[in-house]
Amino acid sequence: MSTLILTVVVIVLLLVLGLVLSVRIVKQYEMGVVFRLGRLIGTRAPGLHIIIPIVDNLRHVSLRIVTMPIQSQGIITRDNVSVDVSAVAYFRVADAVKSVVAIENVAVAIDQIAQTTLRKVVGQHSLDETLSETDRINLDIRQILDVATVDWGVEVTLVELKDIQLPDSMKRAMARQAEAEREKRAKIINAEGESMAASALGDASDIMMAHPLALQLRNLQSLVDIAADKNSTVIFPAPLMTTIAELGSFLSGEKAASLLPLEKLTPIIATADEPEGLLPTAPERQAAPETPAAT
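Now for a quick tour of the structure.

Cut-off values and rules
- Residues numbered from 1 in each chain as written.
- Predicted model: local features only at pLDDT ≥ 70, side-chain atom pairs only at ≥ 80, totals over all residues.
- Heavy atoms only, no water.
- Pairing = 2+ DSSP bridges.
- Helix = DSSP H or I, 4+ residues; strand = E, 2+ residues; numbered from the N terminus.
- Axes fitted to C-alpha atoms, helices over the stretch in contact; angles between N-to-C directions.
- Expected span 1.5 Å × (residues − 1).
- Buried < 20%, exposed > 50% of the residue type's maximum accessible area, 1.4 Å probe, protein only.
- Arc of directions from axis to C-beta.
- Contact = heavy atoms within 4.5 Å.
- Nonpolar A, V, L, I, M, F, W, Y, C, P; charged D, E, K, R; others polar.
- Core = buried A, V, L, I, M, F, W, Y, C linked by side-chain atoms within 4.5 Å.

**Quick notes on the sheet that holds strand 8 (residues 154-165)**
Link 1 in the chain: Strands sit in the order 6-7-8 across an open sheet of three strands; the sheet is antiparallel. Two strands lie at the open edges of the sheet, namely strand 6 (66-76) and strand 8, each paired on one side alone. Direction aside, neighbouring strands of the sheet carry axes that sit 25° apart on average.
Link 2 in the chain: Pairing of strand 7 (residues 82-93) with strand 8, which is carried by ten bridges, proceeds in the antiparallel orientation. The residue bridging Ala89 from the neighbouring strand is Val159, located in strand 8.

**So, helix 5 (residues 134-149)**
Link 1 in the chain: The end-to-end C-alpha separation of helix 5 is 22 Å, in line with the 22 Å expected for 16 residues at 1.5 Å each.
Link 2 in the chain: Every buried residue belonging to helix 5 is among Ile137, Asn138, Ile141, Leu145 and Thr149, and all of these are buried. Each buried residue of helix 5 lies within a common arc of 100° when the element is viewed along its axis, so the set occupies one face. Away from its buried face, by an angle of more than 90 degrees, helix 5 presents the exposed residues Asp135 and Val147.
Link 3 in the chain: Those residues of helix 5 hidden inside the fold are in contact with helix 3 (106-123), helix 4 (127-132) and strand 8.

**A short note on the packing of helix 6 (residues 168-210) against helix 7 (residues 212-227)**
Link 1 in the chain: Between helix 6 and helix 7, whose axes approach to 4 Å, the crossing angle comes to 115°. Across from Met208, Met209 and Ala210 in helix 6, the residues of helix 7 making contact are Pro212, Ala214, Leu215 and Arg218.
Link 2 in the chain: A per-class count over the contact of helix 6 with helix 7 returns six nonpolar, no polar and one charged.

**Points about the sheet that holds strand 2 (residues 30-36)**
Link 1 in the chain: Spatial ordering of the open sheet is given by 3-2-5, a layout of three strands whose pairing is antiparallel. Two strands close off the open sheet at either side, each with one partner strand: strand 3 (39-44) and strand 5 (56-62). The sheet shows a mean angle of 25° between the axes of neighbouring strands, taken without regard to direction.

**Structural notes on the nonpolar core**
Link 1 in the chain: One finds Val83, Val85, Phe91, Ile110, Leu118, Ile141 and Leu161 to be the most contacted residues of the largest nonpolar core, which totals 27 residues.
Link 2 in the chain: Those elements giving two or more residues to this core turn out to be strand 6, strand 7, helix 3, helix 5 and strand 8.
Link 3 in the chain: When residues in this core are grouped by element, the largest group, seven residues, is from helix 3.
Link 4 in the chain: Setting aside residues up to four positions removed in sequence, Leu161 forms contacts with Val85, Ser86, Ala87, Leu118, Thr134, Ile137, Asn138 and Ile141.
Link 5 in the chain: Ranked by size, the runner-up nonpolar core spans six residues in total, among them Val33, Val61, Ala96 and Val100.

**Some remarks on the pairing of strand 6**
Link 1 in the chain: By the bridge criterion, nine bridges tie strand 6 to strand 7 in an arrangement that is antiparallel. Residue Pro69 lies in a different strand from strand 7, and its bridge partner there is Val88.
Link 2 in the chain: If you look at the hairpin formed by strand 6 and strand 7, you'll find five residues sitting between the two strands, and Asn80 has a positive phi there, around 60°.

Take a look at the structure:
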């Protein structure tokens, strides 16, 4: 009787153990690949599945996007500049069967081919292109990886250059170049401003020539602006050309007056007997008759 009970207990334990070994759960983000005696028999969708213990083998394949950093690579660009470039790749398994059957380890394979592809693509570009055309380089790397990994059932979704390390000498040279470029732009902008200011001043001078009072109004406005600062001393320059013209006119008038004959001049000679302003002119003095002296 005890032997029968022991046999039943052993059979129940074996059944429980077999049930535990035959139950498999495939998660939502996974796909199950089933091998029976080493032979592929199909895939299993997410959920609860029963397999034959020892005979069947269920491989879980993740379908989520995997982030893979690509180690920094020492690369010589097309213009013979040594740089260290690191990147990051994003891929996911599109065909679970191929990712298990066609290749042993998908992650290691993609890591190695991504490193070699990064060196190959960056080496075909100059340093300026590597720094400024990263989008095109990323697209080229992704296209090469897609062609290589399509037989592995893997799809590369994105490749991005993460960091570009330059030699210190190259950094200093680029800094000097950038400084020279900024100085060049500053000088060009300053020259353009001077040209526009000169053109505007020319137009303003033409307007002032047509309207002489405009210059006086501008002078008054300048005085108002200066007075706003409450200065104790104001030096205001007179119009140079106008002053020179007026001085020339004055000197010409003085010279012409000095060349006139004496009889045409009417100087006023003030005496003690005749009040100033009532004296006769020189011709009137000559025409007046002489009166005899009183005896």
